[in-house]
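Working through the structure, step by step
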Amino acid sequence: GSEVPEKITIGTDTSFVPFEFLNQDTGEYEGFDIDLVKAIAEKIGIEYELKPMDFNGLIPALQTGNLDMAIAGMTITDERKKVVDFTRPYYDAGLYILVRSDEKSIKGVEDLKGKVVATKQGTTSFNYASKLDGLKEVRPFPNIDQAYMELEKGSADAVIYDSPNVLYYIKTKGKGKVKAVGDLLQAESYGIAFPKGSPLRDKVDEALGELMEDGTYEKLYVKWFGQKP
Ligand code: GLN
C-alpha cells in the first residue's frame with residue numbers, strides 16, 4: 001500500500017564495523033548506521049524493529065517486502081537502483097586492498113595477478129574483484145572477518161573491501177598484522193535502501209537532509225570516525 005505503517009522493520013548487516021555490529025557485553029547493536037537510523041526514526045516519529053541479517057539477504061528481503069528499509073553501509077549502484085530505491089548518499093567511501101604486514105610483492109591492484117583475493121559475498125568488492133584480469137581466485141565469505149582470517153593465516157594473499165572497515169580493522173584487531181596498499185580503488189557512496197516505490201523513502205530522505213543541516217549527522221560522524229565529514 002502507499003501508507004507508511006506505524007512500526008517498520010529495518011534490515012541491517014550482522015557485522016560491518018563501525019556502521020553496525022553487536023556489542024557482546026550489552027547484546028545490543030551499535031554503530032554509525034544504528035545511531036543514524038535512531039535519529040531518523042525520532043525525527044519522523046516512527047517505531048522500528050532492527051533485523052540483522054547477512055548482507056546478501058537484504059536486497060531480496062526488500063524486494064519481497066519482508067523489510068521496509070535497509071541500512072548497512074550499502075553502496076548505491078546502478079544495478080541495485082533497478083530493484084530498490086535509495087536515499088541521497090550519506091557516506092563516501094571506496095575500496096582498499098589489505099595484505100599481511102610482511103607482504104612485499106603486492107603494492108597495488110596490478111600486482112594481484114595470480115593471487116587469491118578474499119572478500120565478502122554480495123558486495124561491490126566481490127563484483128570489483130571478479131572483474132579483475134588474471135586473479136588466481138576470488139573467494140567470497142558471508143562475513144568479512146572470515147576473509148581477514150583467511151588472509152592472516154596465509155590462505156589468501158589479499159582482501160578487497162570497503163575502506164572504512166579496512167581502516168578500522170588495521171587500527172584494531174588487525175593491528176601489526178595487516179596493512180592497506182595502493183590507492184582507493186573505487187569511489188562509492190552509501191545510501192539507505194527501500195522496496196521500489198516505498199512511500200517511506202521520501203520521508204527518510206528528508207529527515208536525513210535535516211540531520212545533515214542541524215549538526216546531528218556531524219556529531220555522529222565524529223563519534224564513530226573521529227573526524228568531521
Ligand atoms: N558497501 C558494500 C556494498 O554495498 C559492502 C557493505 C557491507 O558489507 N555491509 O556492497
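In this text the structure is predicted, and so the values were computed from the model without any measurement.

Criteria and cut-off values
Residues numbered from 1 in each chain as written. Predicted model: local features only at pLDDT ≥ 70, side-chain atom pairs only at ≥ 80, totals over all residues. Heavy atoms only, no water. Helix = DSSP H or I, 4+ residues; strand = E, 2+ residues; numbered from the N terminus. Contact = heavy atoms within 4.5 Å. Core = buried A, V, L, I, M, F, W, Y, C linked by side-chain atoms within 4.5 Å. Buried < 20%, exposed > 50% of the residue type's maximum accessible area, 1.4 Å probe, protein only. Phe/Tyr/Trp six-rings, centres within 6.5 Å; stacked < 30°, edge-to-face > 60°. Near = heavy atom within 4 Å. Polar contact = N/O pair within 3.5 Å; in protein donor to acceptor, adjacent residues only side chain to side chain. Nonpolar A, V, L, I, M, F, W, Y, C, P; charged D, E, K, R; others polar. Axes fitted to C-alpha atoms, helices over the stretch in contact; angles between N-to-C directions. Parallel < 35°, antiparallel > 145°, perpendicular 65-115°, else oblique. Left-handed = near helix turned anticlockwise from the far one by under 90°. Salt bridge = Lys/Arg side-chain N within 4 Å of Asp/Glu carboxyl O.

**Observations concerning the side chain of threonine 87**
By secondary structure assignment, the location of threonine 87 is in the loop between β6 (84-86) and β7 (91-93). If we ignore the near neighbours within four places in the chain, the residues touching threonine 87 are Ile76, Gly191, Ile192, Phe194, Arg201, Val204, Asp205 and Leu208.

**Some words on the nonpolar core**
If you look at the biggest cluster of nonpolar residues, it comprises 45 residues, and the most contacted ones within it are Phe32, Leu36, Met69, Tyr90, Tyr91, Val159 and Ile192. Considering each element in turn, this core owes the most residues, six residues, to helix α1 (residues 32-44). Discounting chain neighbours no more than four positions away, the residues touching tyrosine 90 are Phe32, Asp33, Leu36, Ile71, Ala72, Gly73, Tyr190, Gly191, Ile192, Leu208, Met212 and Tyr217.

**Here's the deal with the packing of aromatic side chains**
Here the structure, examined in full by the defined rule, presents 20 aromatic pairs. Aromatic pair phenylalanine 16 and phenylalanine 19: ring centres 5.0 Å apart, planes at 15°, arrangement stacked. Each of the two residues, phenylalanine 16 as well as phenylalanine 19, counts as buried. Between tyrosine 221 and phenylalanine 225, the ring centres sit 4.8 Å apart and the planes meet at 55°, which makes this aromatic pair tilted. Here tyrosine 221 pairs with phenylalanine 225, and both are found in helix α8 (residues 216-225), just four residues apart, close to one helical turn.

**A word on the site of the ligand**
Inspection of the region around the ligand gives 14 residues, with Asp13, Thr75, Arg80, Tyr161 and Asp162 positioned closest. Here a nitrogen atom of the ligand and a side-chain polar atom of aspartate 13 are 2.8 Å apart. Lysine 120 places a polar side-chain atom, nitrogen or oxygen, 2.9 Å from an oxygen atom of the ligand. Considering only residue class, the shell around the ligand consists of six nonpolar, four polar and four charged.

**Details of the packing of α1 against α8**
Where α1 meets α8, the closest approach of the two axes is 10 Å, and the angle between their N-to-C directions is 160°. When the axes of α1 and α8 are compared, the pair comes out roughly antiparallel. As for the relative orientation of α1 and α8, their crossing is right-handed in sense. Seen from α1, the contacting residues are Phe32, Asp35, Leu36 and Ala39; seen from α8, they are Thr216, Tyr217, Leu220, Tyr221, Lys223, Trp224 and Phe225. Split by residue class, the contact of α1 with α8 holds eight nonpolar, one polar and two charged.

**Description of the packing of α1 against helix α7 (residues 200-213)**
Packing of α1 against α7 brings their axes to within 9 Å, and their N-to-C directions diverge by 110°. Between α1 and α7, the crossing angle belongs to the class labelled roughly perpendicular. When α1 is examined against α7, the residues Leu36, Ala39, Ile40, Lys43 and Ile44 are found in contact with a partner set consisting of Lys203, Val204, Ala207, Leu208, Glu210 and Leu211. Of the residues that constitute the contact of α1 with α7, the class distribution is eight nonpolar, no polar and three charged.

**Considering the environment of leucine 200**
Mapped onto the elements of the fold, leucine 200 is located in helix α7. Exposure remark for leucine 200: the relative accessible area of 4% places this residue in the buried category. The spatial distance from the C-alpha of leucine 200 to the C-alpha of glutamate 213 is 20 Å, given a sequence separation of 13 residues. With residues up to four places along the chain from it excluded, the contact list for leucine 200 reads Val4, Ile8, Ile46, Asp68, Met69 and Phe194.

**Some thoughts on the pattern of salt bridges**
All told, the structure shown has 16 salt bridges when counted by the stated rule. A salt bridge links lysine 81 to aspartate 78, with the nearest nitrogen and oxygen atoms 3.7 Å apart. Highlighted residues: lysine 81 and aspartate 78, both in helix α3 (residues 78-81), separated by three residues, approximately one helical turn. Between glutamate 137 and arginine 139 there is a salt bridge; the shortest N-O distance is 3.0 Å. For arginine 139, a relative accessible area of 21% gives the class partly exposed. What emerges from the salt-bridge pattern is a single network uniting Arg88, Arg201, Asp202 and Asp205.

Read these as spatial facts, not as claims about activity.
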